[in-house]
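Examination of the molecular architecture
Letter by letter, the chains look like this.
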Number of protein chains: 2
Amino acid sequence: MRDSTPAIHLRDIGSFHVGGRLQQLSGLPAVSVTLAQGGPSRSVDRNGTLVTGQMYVQRYLQVEPRHPLPVLLWHGGGMTGANWESTPDGRPGWLMHLLRSGFDVYVADAMERGRASWSPWPEVYESAPLFRTLEEGWAMFRMGLPEGFSVTEGLRVPHPGQQFPIDAFDRFAAQWVPRWVGHEAATLAAYEQLIRQVGRCIVIGHSQGGGFALQAARRWPEQIHAVVALEPSGAPSHAVSAEASAHASQHLVVWGDFIQQHPIWSTYRTAVDTYMRAISETGARVDFLDLPGLGIEGNSHFPMLDLNSELIAQRVVDWLKQVSSTAEQGQPYEVRA
Amino acid sequence: MRDSTPAIHLRDIGSFHVGGRLQQLSGLPAVSVTLAQGGPSRSVDRNGTLVTGQMYVQRYLQVEPRHPLPVLLWHGGGMTGANWESTPDGRPGWLMHLLRSGFDVYVADAMERGRASWSPWPEVYESAPLFRTLEEGWAMFRMGLPEGFSVTEGLRVPHPGQQFPIDAFDRFAAQWVPRWVGHEAATLAAYEQLIRQVGRCIVIGHSQGGGFALQAARRWPEQIHAVVALEPSGAPSHAVSAEASAHASQHLVVWGDFIQQHPIWSTYRTAVDTYMRAISETGARVDFLDLPGLGIEGNSHFPMLDLNSELIAQRVVDWLKQVSSTAEQGQPYEVRA
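Notes on the structure follow. Here the structure is a predicted model, which means the values were calculated and not measured.

Our next topic: the overall build of chain A. Secondary structure summary: chain A contains seven helices and twelve strands in total. Its C-alpha atoms give chain A a radius of gyration of 21 Å, near enough to 20 Å, the size a compact globule of 337 residues would have. In chain A, which comprises 337 residues, the share counted as buried stands at 65%. In chain A, 76% of the contacts between residues at least 6 apart in sequence involve partners at least 24 apart. Accessible surface for chain A amounts to roughly 12,200 Å². Of this, 51% is attributable to carbon and sulfur atoms.

Below you can see the structure in the form of structure tokens.
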């Protein structure tokens, strides 16, 4: 099982929750349940206090980091930090690439997802969550056309040249989590707490997390030295782009393939590219890694999980090294309670 | 920020999901939502296929493990693997202690919790989940008596000599996740898949996870060399204890303090201790770490998070080293699809 890839030397692996608040529930009827094997049943009072709005963050700190700023990894909608750990077919994820490249890394599970926990509705959240089906994910993540997927018929026909490890698509779906609509502001508030706690940093965000990363860079450019938006599904509205000034974050936007075959992605991309052009015109550095345009074809919506994920990770790391030469290490400051 | 504790040298950090199955939903009405910032609204078809019953596992593999068998960490009810990572007041968790002690470590998020994801009800699960309030956790986790806790009055009066870092109790509650009743068999099935994939191992389980660990040791003693049940909230029924024979797992049970002040814990403990005596009589090795009996006073239901967590970790590691001398490294075998 030994391989020749370099080992990583860590002084700390740990985690913490940031953000959130206490919320009290009252007026709910009690329920009677048996929770322990062979134990007695007991009455559970659902009234009382819950924590809501918090975010989970796992940190990996190097013995000798080779870069002045840590990287924060922000997953997309209906996902968790597991997206960055291993590919569904068992290859090392971008977490390992970044650790082997010498960065300290912080992996977030955004509010309501994964180890961040979530809250009941309608008592706390306004509505029920959405569960992404394999059918929806197949098309939305640009694995192939909708008619190329059928569980009952055992059909998995990907786009020609698809880089996603299609045999592991069903296994990938095991890591999808429910998501809610209308929680963007609360999620961004938790990300703000994270940035305050970590200090000056680099953010790599994917899909919805790429949109959050662009928002965060617009709001707190003094904290975010550089932002990598990997297939961002949204961007700030143009009206505020004038805020992106001489001290703006440096931006890299990565796009995969098959966008024209999926009209919703053409729409998303147009909105993002319009925003990127607008802030570029104010003087912010904006670079694009348009993979098909560079002759790197076949990438899905998940370039960090595709078969050429290591190649793309290396391109991103090369860009980070280039823009990190101007970085100064920030001092963490206290989280507001 | 540097400290003098030894660094850890890892060849791999990664994760995977095990267990679970595809389930198809039909007959649900579509909903219209806007999921991407600034994007158009779109109709979401909730019908289709979901993965359900899977478990998430994160693995940390040493460059040079100093023990032949890996340790599997199984959290308790309403918790996730975050329990093992850091204490709520920011000290290193048992994950770091075990890594520094030279073990390969696998941290699970059991079915329905954390990064394992969860499924909708009543479409897949039979019932709604339970959310543990701070008030319930305060008493259930033996922080203090119920009347010593009040959010509205700002009251946090712990048991005298309490080892849990009480100032971090509210922050600890940020990592609690919802739980369902009646999922024990499905959860144990996912743990079986994990054990099949990892091969011969040591299991450390806490609370509900301690009960699962005792169940697993009874069912698959040839796979589980040793089991540490940390404050187990349940045990197998006695009737099957005859199965614990000469090739049984070796058992260590750890109990904290304040059990007599919390009648439900007296009940749970009596059931567990009765089972342990029964399997001991069949010849299985059963050891107890009764902390107050050893003069180590004040531990809550979470010895791995208490202020003396490192001391208790060291006692457990010492026991593991003692019983590991008879271990042989197992060969992983294929997971059944």
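Let us now look at the pattern of salt bridges. All names here are of chain B. One pass over the full model with this rule turns up 26 salt bridges over all chains. One salt bridge in this structure joins Arg132 and Glu136, with 3.1 Å as the shortest N-O distance. A relative accessible area of 13% means that Glu136 is categorised as buried. In this structure, the salt-bridge partner of Asp273 is Arg269, at a minimum N-O distance of 3.2 Å.

So, about the relation of the copies chain A and chain B. The pair of chain copies shares a relation made of a rotation about an axis and a shift along it. In screw terms, the move from chain A to chain B is a rotation of 180° and a rise of 0.0 Å along the axis, fitting with an RMSD of 0.0 Å. Within this description, the copies of the chain are treated as partners about a two-fold rotation axis. Take the interface residues of chain A: 99% of them recur as interface residues in chain B, which is what a same-surface contact looks like.

Moving on, we get to the side chain of Ser86 of chain B. Secondary-structure assignment places Ser86 of chain B in the loop between β5 (71-74) and α1 (94-100). Separated by 3.0 Å, the side chain of Ser86 of chain B and the backbone nitrogen of Ser15 of chain A make a polar contact. Ignoring any residue separated from it by four or fewer positions in sequence, one finds Ser86 of chain B in contact with Gly14, Ser15 and Arg59 of chain A together with Arg91, Pro92, Gly93 and Leu305 of chain B.

Bringing the interface of chain A and chain B into the picture now. If you look at the interface, chain A gives 95 residues, while chain B gives 94 residues. Approximately 7,300 Å² of surface area, both sides summed, lies buried where chain A meets chain B, with 55% of it carried by carbon and sulfur atoms. Across the chain A-chain B interface, the total number found is four salt bridges. Glu85 of chain A is the salt-bridge partner of Arg115 of chain B, the closest N and O atoms lying 2.8 Å from each other. Across the contact surface, chain A and chain B share 30 residue pairs in polar contact (both at pLDDT 80 or more). The element best represented in the side of chain A that touches chain B is strand β1 (residues 8-25) of chain A, accounting for 13 residues. Of the residues in the side of chain A that touches chain B, the class split is 46 nonpolar, 29 polar and 20 charged. Pairing analysis gives three bridges linking β1 of chain A to strand β1 (residues 8-25) of chain B, with the strands arranged antiparallel. From the neighbouring strand, Ile8 of chain A faces β1 of chain B, where its bridge partner is Leu10 of chain B.

Under the counting rule described, the total for this entry stands at 45 aromatic pairs over all chains. With centroids separated by 6.3 Å and ring planes inclined at 40°, the aromatic side chains of Trp180 of chain A and Trp118 of chain B adopt a geometry described as tilted. Remark: Trp118 of chain B occurs in the loop between β6 (105-109) and α2 (134-140) and Trp180 of chain A occurs in the loop between α3 (169-173) and α4 (184-198); the pair is interchain, linking two chains. The burial state of Trp180 of chain A is the same as that of Trp118 of chain B; both residues are buried. With a centroid separation of 6.5 Å and 70° between ring planes, the pair formed by Phe16 of chain B and Tyr106 of chain B is classed as edge-to-face. Placement of Phe16 of chain B in strand β1 and of Tyr106 of chain B in strand β6 is noted, with a sequence separation of 90 residues between them. Of the two residues, Phe16 of chain B and Tyr106 of chain B, both sit in the buried class. The ring of Trp265 of chain A has Arg142 of chain A lying over it, and the distance from NZ or CZ to the ring centre is 5.3 Å.

Right, let's talk about helix α5 (residues 208-219) of chain B for a bit. Residue and element names in this part refer to chain B. Between its first and last C-alpha atoms α5 spans 17 Å; for twelve residues at 1.5 Å apiece the expected length is 16 Å, and the two agree. Across the twelve residues of α5, eleven count as buried, placing the element largely inside the fold. All of the buried residues along α5 are Gln208, Gly209, Gly210, Gly211, Phe212, Ala213, Leu214, Gln215, Ala216, Ala217 and Arg218. Lining the buried residues of α5 we find β5, α4 (184-198), β9 (201-206), β10 (224-230), β11 (250-255) and α6 (263-281).

For the rest of this paragraph, the subject is the environment of Thr133 of chain A. Of note, Thr133 of chain A is situated in the loop between β6 (105-109) and α2 (134-140). Take Thr133 of chain A: its relative accessible area is 1%, and that puts it in the buried class. On a C-alpha basis, the gap between Thr133 of chain A and Trp176 of chain A in space is 9.2 Å, while along the polypeptide they are 43 residues apart. Residues in contact with Thr133 of chain A, not counting those within four places in the same chain, are Trp176 of chain A together with Asp45, Arg46, Asn47, Gly48, Thr49 and Leu50 of chain B.

Before going further, it helps to examine the pairing of β1 of chain A. All names here are of chain A. With 13 of 18 residues buried, β1 lies mostly within the body of the structure. Of the strand pairs in this sheet, β1 and strand β4 (residues 48-62) are connected by 14 bridges, and their pairing is antiparallel. In the sheet register, Gly19 faces β4, and the bridge partner there is Gln54.

Bringing the pairing of β4 of chain A into the picture now. The side chains of a regular strand alternate between the sheet's two faces. Residues and elements named next belong to chain A. Counting buried positions over the 15 residues of β4 gives 15, a clear majority of the element. In this sheet, β6 lies alongside β4 in antiparallel orientation, the contact comprising five bridges. Bridging from a neighbouring strand, Tyr60 pairs with Val105 of β6.

Here we take up the packing of α4 of chain B against α5 of chain B. Residues and elements named next belong to chain B. Where α4 meets α5, the axes come as close as 11 Å, and the angle between the chain directions of the two elements is 60°. Between α4 and α5, the crossing angle belongs to the class labelled oblique. Crossing hand, α4 versus α5: right-handed. Contacts from Glu184, Thr187, Leu188, Tyr191 and Ile195 in α4 reach Gln208, Phe212, Gln215, Ala216 and Arg219 in α5. Looking at the contact of α4 with α5 residue by residue, the class counts come to five nonpolar, three polar and two charged.

Reading guide: rules and limits
Residues numbered from 1 in each chain as written. Chains lettered and ligands numbered in written order. Predicted model: local features only at pLDDT ≥ 70, side-chain atom pairs only at ≥ 80, totals over all residues. Heavy atoms only, no water. Helix = DSSP H or I, 4+ residues; strand = E, 2+ residues; numbered from the N terminus. Rg over C-alpha atoms; globule rule 2.2 N^0.38 Å. Buried < 20%, exposed > 50% of the residue type's maximum accessible area, 1.4 Å probe, protein only. Contact = heavy atoms within 4.5 Å. Areas by Shrake-Rupley, 256 points an atom, 1.4 Å probe, with all protein chains shown as cover. Salt bridge = Lys/Arg side-chain N within 4 Å of Asp/Glu carboxyl O. Least-squares fit on C-alpha atoms with pLDDT ≥ 70 in both. Polar contact = N/O pair within 3.5 Å; in protein donor to acceptor, adjacent residues only side chain to side chain. Buried area = accessible area lost by both parts, 1.4 Å probe. Nonpolar A, V, L, I, M, F, W, Y, C, P; charged D, E, K, R; others polar. Pairing = 2+ DSSP bridges. Phe/Tyr/Trp six-rings, centres within 6.5 Å; stacked < 30°, edge-to-face > 60°. Lys NZ or Arg CZ within 6 Å of the ring centre and 35° of its normal. Expected span 1.5 Å × (residues − 1). Axes fitted to C-alpha atoms, helices over the stretch in contact; angles between N-to-C directions. Parallel < 35°, antiparallel > 145°, perpendicular 65-115°, else oblique. Left-handed = near helix turned anticlockwise from the far one by under 90°.

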